[in-house]
Amino acid sequence: MKLAYLLLGPMALLLLAGCCCVLSTTSGNLRTFVGCAVREFTFLAKKPGCRGLRITTDACWGRCETWEKPILEPPYIEAHHRVCTYNETKQVTIKLPNCAPGVDPFYTYPVAVRCDCGACSTATTECETV
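Residues numbered from 1 in each chain as written. Predicted model: local features only at pLDDT ≥ 70, side-chain atom pairs only at ≥ 80, totals over all residues. Heavy atoms only, no water.

Per an unreviewed UniProt entry, the protein carries the name Glycoprotein hormone beta-5 and comes from Phyllostomus discolor. UniProt's Function (unreviewed entry) comment on the protein is quoted here verbatim: "Functions as a heterodimeric glycoprotein hormone with GPHA2 able to bind and activate the thyroid-stimulating hormone receptor (TSHR), leading to increased cAMP production. Plays a central role in controlling thyroid cell metabolism." Quoted verbatim from the Subunit (unreviewed entry) heading of the UniProt record, the comment on the protein is "Heterodimer with GPHA2; this heterodimer interacts with thyroid-stimulating hormone receptor (TSHR), and hence stimulates cAMP production." (UniProt positions renumbered as here; feature names shortened; annotations may be inferred.)

Laid out in structure tokens, this is it:
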């Protein structure tokens, strides 16, 4: 019995130390991370006639490779712009609190299942152009 405690104690410490290293490395790399991943995100779900409700969900987050280079023919620039966007989603419906009579209290939003770097689609993403 004592042998089990002698082995489990150091193993637990190594596991805990390993987790701390992974967490600190992951946090430090967020500023330089290039890629696209699912990440927790909180927003305020609201609609006219109802109180807002804070929702925590999964959304796409990241930075994707992008570049432009000059070419000799119009439009004189070859561009490659990818954004971190939804590859697969599921829809979730919640009921907003304290809605006025006659107001539909249900609110539907997408939850990211899988994200990838890809072309910006206005069907799923708010695309900005310069």
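1. Considering the environment of Gly-49
Inspection of the secondary structure puts Gly-49 in the loop between strand E1 (35-45) and strand E2 (53-63). Along the sequence, Gly-49 and Pro-105 sit 56 residues apart, while their C-alpha atoms lie 8.7 Å from each other. (Helix = DSSP H or I, 4+ residues; strand = E, 2+ residues; numbered from the N terminus.)

2. Looking at the state of the cysteines
Counted under the stated rule, the structure contains four disulfides. Note that Cys-64 is cross-linked by a disulfide to Cys-117, the S-S spacing being 2.1 Å. Here the S-S torsion is close to -85°, and the disulfide linking Cys-64 with Cys-117 is therefore left-handed. You can see Cys-64 sitting in the loop between E2 and strand E3 (66-70) and its partner Cys-117 sitting in strand E6 (residues 106-118), a full 53 residues away along the chain. Exposure remark for Cys-117: the relative accessible area of 37% places this residue in the partly exposed category. (Disulfide = S-S within 2.5 Å. Buried < 20%, exposed > 50% of the residue type's maximum accessible area, 1.4 Å probe, protein only.)

3. What about the confidence of the model for the protein?
Confidence in the prediction of the protein, expressed as mean pLDDT, is 78, and 75% of residues score 70 or more. Segment residues 1-27 is flagged for pLDDT under 50; beyond a separation of four residues in sequence, or across chains, it makes one contact in the model. (pLDDT = per-residue confidence, 0-100. Contact = heavy atoms within 4.5 Å.)

4. Concerning the packing of aromatic side chains
Centre-to-centre distance and the angle between the planes together describe a pair of aromatic rings. Scanning all chains against the criterion turns up five aromatic pairs. Ring centres 6.3 Å apart and planes at 35° place the aromatic pair Tyr-107 and Tyr-109 in the tilted group. Relative accessible area serves as the criterion here: at 9%, Tyr-109 is assigned to the buried category. Members of the aromatic cluster, joined through ring pairs, are Phe-41, Phe-43, Tyr-107 and Tyr-109. Above the ring of Trp-61, the side-chain terminus of Arg-39 is found at 4.7 Å from the ring centroid. (Phe/Tyr/Trp six-rings, centres within 6.5 Å; stacked < 30°, edge-to-face > 60°. Lys NZ or Arg CZ within 6 Å of the ring centre and 35° of its normal.)

5. Here we look at the nonpolar core
Of all hydrophobic cores here, the largest spans nine residues; its members are Phe-43, Ala-45, Cys-50, Ile-55, Ile-94, Leu-96, Tyr-107, Tyr-109 and Val-111. Where this core is concerned, the elements lending two or more residues are E1 and E6. For this core, the element with the most residues is E6, which contributes three residues. The contacts of Val-111, once residues within four sequence positions are left out, are Thr-57, Asp-58, Glu-88, Thr-89, Lys-90 and Val-92. Ranked by size, the runner-up nonpolar core spans six residues in total, among them Cys-64, Cys-84, Ala-112 and Cys-115. (Core = buried A, V, L, I, M, F, W, Y, C linked by side-chain atoms within 4.5 Å.)

6. What to know about the side chain of Thr-57
Along the chain, Thr-57 falls in strand E2. Looking at Thr-57, the relative accessible area reads 8%, which means it is buried. Contact partners of Thr-57, with chain neighbours within four places excluded, come to Arg-39, Glu-40, Phe-41, Phe-43, Tyr-109, Pro-110 and Val-111.

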